[in-house]
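Listed here are the chains, written in short residue letters.
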Amino acid sequence: MAAEHATANNAHSDLRKLAGGLAIVTGGGSGIGFAILEAAIAHGLHPVIADIDAVAIQEAKQKLQASAEAAGVRLLGVEVDVSSEASVQALQASVSEKMPDTPISLLVCNAGVGAGGGVVTARDIDWDFVIGVNLKGVANFARVFVPKMLAQNAPGSFVATSSQDGLCAAQGVYGVTKHACVALCEALYQELRGQLSVHVLCPNVVGTNIVKSGTHRPERFGGPTPSSAAQDALVDRFKQYGMPPSRCADMVFAAIESGDFYILAEAEEDPGHIYNQAKVRMDAILNRGRPFRPPSKFIARVFQPGR
């Protein structure tokens, strides 16, 4: 990558320089991924909806078509299983074939699954599923796409969606993989030395369908798990109380512009909670403490209604 395209302090202070490039977003059919694609269109980027759910891709394309046409950008949708290197390579080949001369300005590894259970109770296949998506999915995209981005002689940004669970005392298989996602981004930032900007999004409760991600579980990981009434009710509370995905999208572009690496996407109803969780964990590390997650009335209202 030419020196003029290197970031200054991990920032692209003029987002207009990213316009005209591709925005490839996994989990782009709904939730945070869809919101990031909406924002990408507003910034003049060609949106690529990358998702494991073909129906979600088509629905997202219908919703984004008018804004894409108004912005004069091309809209693509490609199925991908992020846990499969071959599937990620196929996505890269498809995008390159359809838009061979367009640089990748934004790569967002947003696909994630909220599954797995406890460290002791999770089966081997559960570990494989959650690690495959939440960690290897990010690694697959880094290995397949980052070399292409470095060779394209254009500015670019790499973003991964972790969670508040990537910064606070971990819980369950999900928390373990989200810590690993943060660590991967930290390692990538140090490897790239400013050639691309790198950022990790760490939200708490967002109005998405993540708790039902098992409905798209690949067969090699045991196949789809049907949604339950309890899961449906939890999704409803996520969407009732959680921050809108558009807030996360705004924070992502603000971080690309400012250079912030850690994006603490706190709900407006729970200000300072992620910061406090990270501080409590670091204090425990530095002062011979024990793992502890400070309670949140807001999060309890979502996960334990009536208590």
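Up top is the structure.
Description of the structure in this document.

Rules used in this analysis
- Residues numbered from 1 in each chain as written.
- Predicted model: local features only at pLDDT ≥ 70, side-chain atom pairs only at ≥ 80, totals over all residues.
- Heavy atoms only, no water.
- Axes fitted to C-alpha atoms, helices over the stretch in contact; angles between N-to-C directions.
- Helix = DSSP H or I, 4+ residues; strand = E, 2+ residues; numbered from the N terminus.
- Parallel < 35°, antiparallel > 145°, perpendicular 65-115°, else oblique.
- Left-handed = near helix turned anticlockwise from the far one by under 90°.
- Contact = heavy atoms within 4.5 Å.
- Phe/Tyr/Trp six-rings, centres within 6.5 Å; stacked < 30°, edge-to-face > 60°.
- Buried < 20%, exposed > 50% of the residue type's maximum accessible area, 1.4 Å probe, protein only.
- Lys NZ or Arg CZ within 6 Å of the ring centre and 35° of its normal.
- Pairing = 2+ DSSP bridges.
- Right-handed = clockwise from strand over helix to strand, strands pointing away.
- Expected span 1.5 Å × (residues − 1).

1. Side note on the packing of helix α1 (residues 31–42) against helix α8 (residues 245–258)
Stage number 1. The interhelical angle for the contact between α1 and α8, taken along N-to-C directions, is 55°, at an axis separation of 8 Å. Classed by the angle they form, the pair α1 and α8 counts as oblique. The two elements α1 and α8 meet at a crossing, and its hand is right-handed. Across from Gly 31, Ile 32, Ala 35, Ile 36, Ala 39 and Ala 40 in α1, the residues of α8 making contact are Pro 245, Ser 246, Cys 248, Ala 249, Val 252 and Phe 253.

2. Observations regarding the packing of aromatic side chains
The geometry of an aromatic ring pair is captured by the separation of the ring centres together with the interplanar angle, meaning the angle of the planes.
Stage number 1. Tallied over the full model, the rule gives 5 aromatic pairs.
Stage number 2. Ring geometry for Phe 141 and Phe 145: centres 5.2 Å apart, planes at 10°, overall stacked. Of this pair, Phe 141 and Phe 145 both sit in helix α5 (residues 136–151), 4 residues apart, which is roughly one turn of the helix.
Stage number 3. A centroid spacing of 5.7 Å and a plane angle of 65° characterise the contact between Tyr 189 and Phe 261, whose relative ring orientation is edge-to-face. Of this pair, Tyr 189 sits in helix α6 (residues 172–192) while Phe 261 sits in the loop between α8 and β7 (262–265), and the two are 72 residues apart along the sequence.
Stage number 4. What makes Tyr 189 partly exposed here is its relative accessible area of 37%.
Stage number 5. You can call Phe 261 buried: its relative accessible area is 12%.
Stage number 6. Ring-pair connections join several aromatic residues into one group, and the members of that group are Tyr 189, Phe 261 and Tyr 262.
Stage number 7. Positioned above the aromatic ring of Phe 34 is the side chain of Lys 63, whose terminal nitrogen or guanidinium carbon lies 5.7 Å from the ring centre.

3. Examining the sheet that holds strand β2 (residues 46–51)
Sheet strands pair via backbone hydrogen bonds, and the direction of the pair is either parallel or antiparallel.
Stage number 1. Overall, parallel pairing links the 7 strands, which are arranged β3-β2-β1-β4-β5-β6-β7 in an open sheet. Of all strands in the sheet, those with a lone pairing partner are β3 (76–79) and β7, marking the two edges. Strand after strand, the sheet turns through a mean of 15° between neighbouring axes, direction not considered.
Stage number 2. Here strand β6 (residues 197–203) pairs with β7 via 4 bridges, running parallel. Each residue of the ladder has a partner; that of Val 200, found in β7, is Tyr 262.
Stage number 3. Along the sheet face, α1 touches β1 (22–26), β2, β4 (104–109) and β6 and points at about 170° away from the line of β1.

4. Digging into the pairing of β6
Stage number 1. Across the 7 residues of β6, 7 count as buried, placing the element largely inside the fold.
Stage number 2. The sheet contact formed by strand β5 (residues 157–161) and β6 spans 5 bridges and is parallel. Each residue of the ladder has a partner; that of Val 159, found in β6, is His 199.
Stage number 3. For the crossover from β5 across α6 to β6, the handedness is right-handed.

5. Observations regarding α1
Stage number 1. Here α1 is 12 residues long and its end C-alpha atoms lie 17 Å apart, about the 16 Å a rise of 1.5 Å per residue gives.
Stage number 2. Within α1, 9 of the 12 residues are buried, which leaves it mostly tucked inside the rest of the structure.
Stage number 3. Among the residues making up α1, those that are buried are Ile 32, Gly 33, Phe 34, Ala 35, Ile 36, Leu 37, Ala 39, Ala 40 and Ile 41.
Stage number 4. The secondary structure elements touched by the buried residues of α1 are β1, β2, α2 (54–71), β4, β6 and α8.
Stage number 5. At the C-terminal side of α1, Gly 44 shows a positive phi close to 80°.

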